[in-house]
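What the coordinates show
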Amino acid sequence: MEISQKSDTKNRPDEWMIEQGMAGHKLPILDQTGKETIHIYPRPPAKIKQEKEAIKAVGNRDKVFAREREGWVGYVEWEDHPEKKAKAHEILKSQTFPDCPDYQFGQIPGTNPVLSGDDFKAWHAAIGGELTSVADDSWETVLKEKHPDMLHLLQFPYNGEPPKRLVTSKPITPNPLHFVRNHGGIPLIDKDKFELKLDGLVKNPKTYTLDELMDEARFPRMEKTITMQCSGTRRIEQITLYPGQGDEVPQAPWAEGAIGTARYVGISLKKVIKDCGGLIDGAKHLELYGAETYVKDLEAMNYVVSVPWSKVKANEVMLAWEMNGEPLPKIHGYPLRVMVAGYIGARSVKWLYRIKAIENASIAPVQSREYLYFNQQVGKYNQRPIDGIQIQEMPVSSAIMSPWQHQVIFHNGSIACKGWAYSGGGRWPERVELSADGGFTWYAVPEERLSKKGKWTWRTWEIDIPCDVEGWIELVVRTWDNALNTEPIGIRQTWNWGLHVTSSAHRVKVYSVNKTHELTKKRLAKFEELGIPLAPLTHYDAVPSLSDKELDEYWKTHPRDVDE
């Protein structure tokens, strides 16, 4: 059948990419619920518009959202002022903002910062007042306090992790290399103007200065080495397999570096509650307030989560002011933060300014609507917050830091690997195992090549794993903790709509080149003789492995055909 030259064409220049799923954000949804299939096409880019009269009616933003306290730059109190929340919501809903780029179906930018956070910047600028310069102030703090080689996944609110080569370079993570996961701007708080309020269901509500909290005659010092892990660690593996919703900020494509270990100094929250006369009236949770502004669903709020009293009672929640022998960096919560040992990093509130004793877990969005682990049958169009498990203790997990995905390794029969292993909830990695054949054969990391055990800390590890293969292999790591928990073997088993807790065995595909093989050794020598670069692996190079004479002699000795 001939195709008429007059046939309509609907191809786009990128048609091939769209058809092959490399630009999934451009694909229409197929509605097959009726007799005919309906194509529901992606929404066009948002048109930026404003309802100027509605915004003007809110009033002078510099006055409405003025600085709350002397010496607290970038802080607005939202939780005590519902009328202020309502005005911010009116401003935000009365205009449209730039769309968040869809990199899960599309390409992740090859830049650093990877994502700029234009939507969050625009929301803060629209509210104005004390938030006008918070995005610029925050980025300036990042540049001052973080290592120049940090990978900036999201410029604002700042999300960043160290490059792989530096993640496990030391068992204790230097402050400039510790990952950061922020939900809002970085408040700049003067230590001498700082106060912490403890109220709610306690017998004697009190307000403390930092000097009072640091008074050793009143509160005994506490010092702990703690590994903190973001539940988004290794999220890129879930995204690569199947896209999902992820976080609201805005689904940062975390790799293996959203984990870090530091030595903290502070006091037990339990002691401060005791100083307030203890809990009353059935209080079972402590609500923790951070001074940053978080915007969700066009609502402005402070960062609020909660932890159970049972965790506090066990002296596993500390108020910290020192990190690795130095005052807390501004980006890590100066002057005071919470450290919840063994829990998801989201509960370790930075820039802590209030603790409220309450009966049940907080219904604030970060606690009740985010950081949820859904069943795999739950997705965008059927999810409810009550269907998700609130993530608290982190499960056992581990990662390979070297070599990297798709690297080519020249070796003499073993491949040098290094990485980290961790388990939350007060458990610790007891054994780390690696496989070079996709998970069929496992080798244990020698004890002397594992860092020291600790109740709340990771273990870094190194191993030379045997490998005789020539070609593509899959390195896999799994960890057993002291309760004999281990990781699911495949990424699919941990995939969830929220893209949280990628706790499956970490897999890295590498190309093995074994120089103990005589043919390989000769072939590499030929490349060197001709001065031909070895990389990249997939580049075709005109380097015959056999001459015509050698081929002819071979086929004479080993004929291709057989006589009848």
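Quick caveat: nothing in here was measured; it's all calculated off a predicted structure. Along every chain, residues carry numbers that run from 1 in the direction the sequence is written. It should be noted that, the model being predicted, local features are given only for residues of pLDDT at least 70 and side-chain atom pairs only at 80 or more, the latter also being counted only at that level, while totals for whole chains, interfaces and linings use all residues. Values reported for side chains reflect all heavy atoms of the structure, with hydrogen atoms and water molecules removed beforehand.

Details of the sheet that holds strand β12 (residues 285-296)
In space, the five strands of this open sheet follow the order β9-β8-β17-β12-β13, with mixed pairing throughout. Among the strands making up the open sheet, the edge pair consists of β9 (206-208) and β13 (299-308). Here the strands of the sheet are splayed against their neighbours by 25° on average, with no regard to which way each runs. It only takes one pair of heavy atoms within 4.5 Å for two residues to be counted as in contact. The axes used here are C-alpha line fits, helices contributing only the stretch in contact, and every angle between their N-to-C directions lies in the interval 0 to 180 degrees. Counting from the N terminus, the helices are DSSP H or I runs at least four residues long and the strands are E runs at least two residues long. Relative to β13, helix α4 (residues 82-93) is tilted by about 125°, and along the sheet it contacts β12 and β13. Contacts between helix α5 (residues 118-127) and the sheet are confined to β12 and β13, with β12 contributing the most and set at about 90° to the helix. Following DSSP output, two strands are said to pair if at least two bridges run between them.

Focus on the side chain of Glu-370
Checked against the element boundaries, Glu-370 lands in the loop between α12 (365-368) and β18 (372-373). Side-chain atoms alone can form a polar contact between residues adjacent in sequence; in general such a contact is a pair of N or O atoms within 3.5 Å, and within protein one must be able to donate a hydrogen while the other accepts it. Polar contacts involving the side chain of Glu-370 include one to the side chain of Lys-296, which spans 3.4 Å.

A few points about the pairing of strand β11 (residues 259-268)
Each residue is placed in one exposure class: buried if its accessible area under a 1.4 Å probe, protein chains only, is under 20% of its type's maximum, exposed if it is over 50%, and partly exposed if it falls in between. Summarising burial for β11: nine of the ten residues are buried, a large majority. Relative to strand β14 (residues 317-323), β11 is paired through five bridges, and the arrangement is antiparallel. Note on β14: the bridge partner recorded for Val-265 is Glu-322.

Here we look at the packing of aromatic side chains
The criterion for an aromatic pair is that two Phe, Tyr or Trp rings (for Trp, the six-membered ring) have centres within 6.5 Å, with stacked assigned to planes under 30 degrees apart, edge-to-face to planes over 60 apart and tilted to the rest. Under the counting rule described, the total for this entry stands at 13 aromatic pairs. Judged by centre distance (5.0 Å) and plane angle (80°), the rings of Tyr-554 and Trp-555 are edge-to-face. Trp-555 sits in the partly exposed class, given a relative accessible area of 37%. Grouped by ring-pair contacts, the aromatic residues Trp-72, Tyr-75, Phe-194, Tyr-289 and Tyr-353 constitute a single cluster. Taking NZ or CZ as reference, Arg-478 lies 4.0 Å from the ring centre of Trp-442, over its face. We call a charge positioned above a ring when the Lys NZ or Arg CZ atom is no farther than 6 Å from the ring centre and deviates by at most 35 degrees from the ring normal.

Points about the domain arrangement of the protein chain
Reports often express the size of an interface as the amount of accessible area lost when the parts come together. Taken as a whole, the protein chain is organised into domain 1 (1-44), domain 2 (67-390), domain 3 (396-514) and domain 4 (518-557). Here the C-alpha centroids of domain 1 and domain 3 sit 42 Å apart. The source of the domain bounds is an automatic or database domain assignment.

A look at α5
By the burial criterion, the buried members of α5 are Asp-119, Phe-120, Trp-123, His-124, Ala-126 and Ile-127. Taken end-on, α5 shows its buried residues confined to a sector of 160°, consistent with a single buried face. In this structure, the buried residues of α5 make contact with α3 (61-64), α4, α6 (134-145), β12 and β13. One or two positions beyond α5, positive phi appears at Gly-128, with a value near 70°. The reported arc concerns the directions from the helix axis to the C-beta atoms and nothing else.

Quick word on the sheet that holds strand β26 (residues 471-481)
With mixed pairing, the five strands of this open sheet are ordered in space as β21-β27-β26-β23-β24. Every interior strand has two partners, whereas the edge strands, β21 (408-411) and β24 (443-444), have only one. Bridging between strand β23 (residues 429-435) and β26 involves six bridges; their strand directions are antiparallel. Pairing of Ser-435 across the sheet is with Val-476, part of β26.

A few points about the pairing of strand β17 (residues 352-358)
Counted residue by residue, β17 has six buried out of seven residues, so it is predominantly covered. Sheet topology note: the strand β8 (residues 196-200)/β17 ladder contains four bridges and is parallel. When the bridges of β17 are listed, Lys-197 appears paired with Arg-354. Here β12 runs beside β17; their pairing, made up of six bridges, is antiparallel. Bridge pairing in β17 links Tyr-289 to Arg-354.

Some remarks on the packing of α4 against α5
Helices that pack against each other are described as a pair by the angle of their axes relative to one another and the distance between those axes. Two numbers describe how α4 lies on α5: the axes approach to 9 Å, and their chain directions differ by 120°. As judged from the angle between their axes, α4 and α5 are oblique. Read as a crossing pair, α4 and α5 show a hand that is right-handed. Residues Ala-88, Ile-91 and Leu-92 of α4 lie in contact with α5, whose contacting residues are Trp-123, Ala-126 and Ile-127. Throughout, the ten residues Ala, Val, Leu, Ile, Met, Phe, Trp, Tyr, Cys and Pro are labelled nonpolar, Asp, Glu, Lys and Arg are labelled charged, and all others, Gly among them, are labelled polar. Here the residues of the contact of α4 with α5 are counted per class, giving six nonpolar, no polar and no charged. Any angle that falls under 35 degrees is termed roughly parallel, while one over 145 is termed roughly antiparallel, one within 65 to 115 roughly perpendicular, and all others oblique. Crossing handedness follows the turn of the near helix against the far one: under a right angle anticlockwise gives a left-handed crossing, and clockwise gives a right-handed one.

A word on unusual backbone geometry
For the bond from Ser-402 to Pro-403, the omega torsion is 5°, close enough to zero to count as cis. Tracing the sequence through the fold places Pro-403 in the loop between β20 (397-402) and β21. One non-glycine residue, Asn-315, lies in positive phi territory at about 60°. With respect to the secondary-structure elements, Asn-315 resides in the loop between α11 (309-313) and β14. Judged by its relative accessible area of 27%, Asn-315 is partly exposed. Of note in this structure, Leu-484 is not a glycine but carries a positive phi near 60°. Along the polypeptide, Leu-484 turns up in the loop between β26 and β27 (506-514).

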